[in-house]
Amino acid sequence: MKNRQDKKHILIVSEEPRVLAELRSELTDHFDISITATSAAALAAMEMYEMSAIVIYIYENRKVAFSVFSDIFDFAKSKNIPITFLTERGNDEDENAAFAMGAVDYSAKRPGTSNALVNRIKLRINSSENEKKLFGSHEASLSEPENPEMALVNKTILVADDIELNRDIIQTLLSEIEGLTVHFASDGKEAVEKFTENPNLYSLILMDVQMPVMDGLEATRTIRSRPCENAREIPIIAVTASSEEKEIELCLKAGMNDILEKPVSYEKIISAAAEYCKIDITSGCR
């Protein structure tokens, strides 16, 4: 079924009428929306429409929200539909439980932050669509690689992060991919220097946002200003602990292509890296 105006269709699950009215008002310009209050109704809606994302609202009766999640998770997972928990009063216990159960996001809804919520949902949808394409979707083109790792063979990527432990984690995650070379920079200034020394070498840059000496935003702007096609075209993905509206806006304005929210996983990195590493960049700086 084709959505009106080609908007993505999302499902909102909540028993609270006030919340449903607010979310419908905030999101209706950006998505087609179905609203349900029970697991059975949610499953019926998922059967009827091609859902791109599900938002479950945690209100007073938090057990209901987690029960709905458990009831619909297998079906949502089979369709690769990302599920986000939304709450007015977030806490660490619920957040840990949400991610442990398989949710892709857990966010506190605050007044005046509707744009941030829209951006978070769109990021989850984009990530899910990349995974569908890269991890064996039946509709994928025959020209797609058999697995996403194949897109990284014989590629070199640059990772900029000032925390040694973070660099070690990424090195461990990517070390099993035969033919992939990973170079590291400990701050933005070093990342700019490595790119400038050999701009044709890199297929992708993973750029931490908060770094000493030169942060990821300034490093990205500096790379984008270099006088070569590769500087303008090389994919730069922000790696950040925050995906609030202001952070997203700053990253995109600096010239970054996408955002990976910490903590990063193998699936997140591979999905994003494989998607962007398919771009063939050959023009060097002059």
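Refer to the structure printed above.
*Asks:* What exactly am I supposed to notice about the nonpolar core here?
*Replies:* It is characteristic of soluble globular proteins that their nonpolar side chains tend to be buried jointly. Membership of the largest hydrophobic core comes to 25 residues, with the highest contact counts inside it found for F195, I205, M207, I223, I236, C251 and M256. In this structure, A65, A76, I83 and Y106 belong to the second largest nonpolar core, which totals 22 residues.

*Asks:* I'm lost on the sheet that holds strand β8 (residues 204-208) in this one. Help?
*Replies:* Consider a sheet: its strands pair through backbone hydrogen bonds, and that pairing is either parallel or antiparallel. As summarised here, the arrangement of the 5 strands in space is β7-β6-β8-β9-β10, forming an open sheet in which the pairing is parallel. Lying at the two open borders of the sheet, with one neighbouring strand each, are β7 (181-185) and β10 (258-261). Neighbouring strand axes in the sheet, compared pairwise and without regard to direction, differ in orientation by 20° on average. Sheet analysis places strand β9 (residues 236-240) next to β10, joined by 4 bridges and oriented parallel. When the bridges of β10 are listed, V239 appears paired with L260. Strands in contact with helix α7 (residues 188-197) are β6 (156-160), β7 and β8; relative to β7, the strand with the most contacts, it is inclined by about 135°.

*Asks:* How should the sheet that holds strand β2 (residues 32-36) be read in this particular structure?
*Replies:* Reading across from one edge, β2-β1-β3-β4-β5 is the order of the 5 strands in this open sheet, with parallel pairing throughout. Since the sheet does not close on itself, it has two edges, and those belong to β2 and β5 (105-108), each with one partner. Going across the sheet, the axis of each strand differs from the next one's by a mean of 25°, ignoring polarity. Inspection of the sheet shows strand β3 (residues 53-58) paired to strand β4 (residues 83-87) by 5 bridges, in the parallel sense.

*Asks:* Sorry if this is basic, but what is going on with the pairing of β3 here?
*Replies:* Along any regular strand the residues' side chains alternate between the sheet's two faces. Buried residues dominate β3, accounting for 6 of its 6 residues. Every second residue of β3 is oriented toward a common face, with A53, V55 and Y57 on one face and I54, I56 and I58 on the other, all of them buried. When strand β1 (residues 9-13) meets β3, the two strands line up parallel, connected through 4 bridges. Residue pairing in the sheet places I12 in a bridge with V55 of β3.

*Asks:* Any chance you could explain the packing of helix α6 (residues 164-174) against helix α11 (residues 266-277) here in plain terms?
*Replies:* Packed helix pairs are specified by the crossing angle of their axes together with the interaxial distance, meaning the distance between the axes. Following both chains from N to C, one finds α6 and α11 inclined at 70°, their axes separated by 10 Å at the closest point. Considering the angle they form, α6 stands roughly perpendicular to α11. For the pair α6 and α11, contact is made by I170, L173 and L174 and by Y266, I269 and I270, respectively.

*Asks:* Honestly, the environment of D29 in this entry has me stumped. Any pointers?
*Replies:* In this fold, D29 is placed in the loop between α1 (17-27) and β2. Owing to a relative accessible area of 64%, D29 belongs among the exposed residues under this scheme. On a C-alpha basis, the gap between D29 and K7 in space is 8.9 Å, while along the polypeptide they are 22 residues apart.

*Asks:* Explain a nonpolar patch on the surface here, please?
*Replies:* On the surface, I163, L165 and I169 cluster together into a nonpolar patch covering about 260 Å² of accessible area. Of note, L165 is situated in helix α6.

*Asks:* What's the story with the environment of E88 in this structure? I'm lost.
*Replies:* Relative to the assigned elements, E88 resides in the loop between β4 and α4 (92-101). A C-alpha to C-alpha distance of 7.7 Å links E88 and I58, two positions 30 residues apart in sequence. In this view, E88 contacts R18, V19, Y57, I58, Y59 and K109; residues no more than four positions away in its chain are not counted.

Rules used in this analysis
Every residue gets a number counted from 1 within its own chain, in the order that chain's sequence is written. Confidence filtering applies because this is a predicted model: local features only for residues at pLDDT of at least 70, side-chain atom pairs given and counted only at 80 or more, and all residues used for totals across whole chains, interfaces and linings. Computation of side-chain values: all heavy atoms of the structure, hydrogens and water removed. As used in this record, nonpolar core signifies buried Ala, Val, Leu, Ile, Met, Phe, Trp, Tyr and Cys residues forming a set joined through side-chain atoms within 4.5 Å. Only protein chains enter the accessibility calculation, which uses a 1.4 Å probe; a residue is then buried when its area is under 20% of its type maximum, exposed when over 50%, and partly exposed in between. Whether two strands pair depends on DSSP finding at least two bridges between them. Helix and strand definitions follow DSSP, with helices as H or I runs of at least four residues and strands as E runs of at least two, each counted in order from the N terminus. Helix axes use the C-alpha atoms of the stretch in contact, all axes being lines fitted to C-alpha atoms, and the angles between their N-to-C directions lie in the range 0 to 180 degrees. The criterion used for residue contact is that any of the two residues' heavy atoms lie within 4.5 Å. Here the angle decides the label: under 35 degrees means roughly parallel, over 145 means roughly antiparallel, 65 to 115 means roughly perpendicular, and every other value means oblique. Patches here: salt-bridge-free residues with over 30% relative accessible area, like charges joined within 9 Å, nonpolar side chains (Val, Leu, Ile, Met, Phe, Trp, Tyr) joined within 5 Å. Surface accessibility in these figures is a Shrake-Rupley result with a 1.4 Å probe; residues are shielded only by whichever protein chains are displayed. By definition here, a salt bridge exists when the distance from a side-chain nitrogen of Lys or Arg to a carboxyl oxygen of Asp or Glu is within 4 Å.

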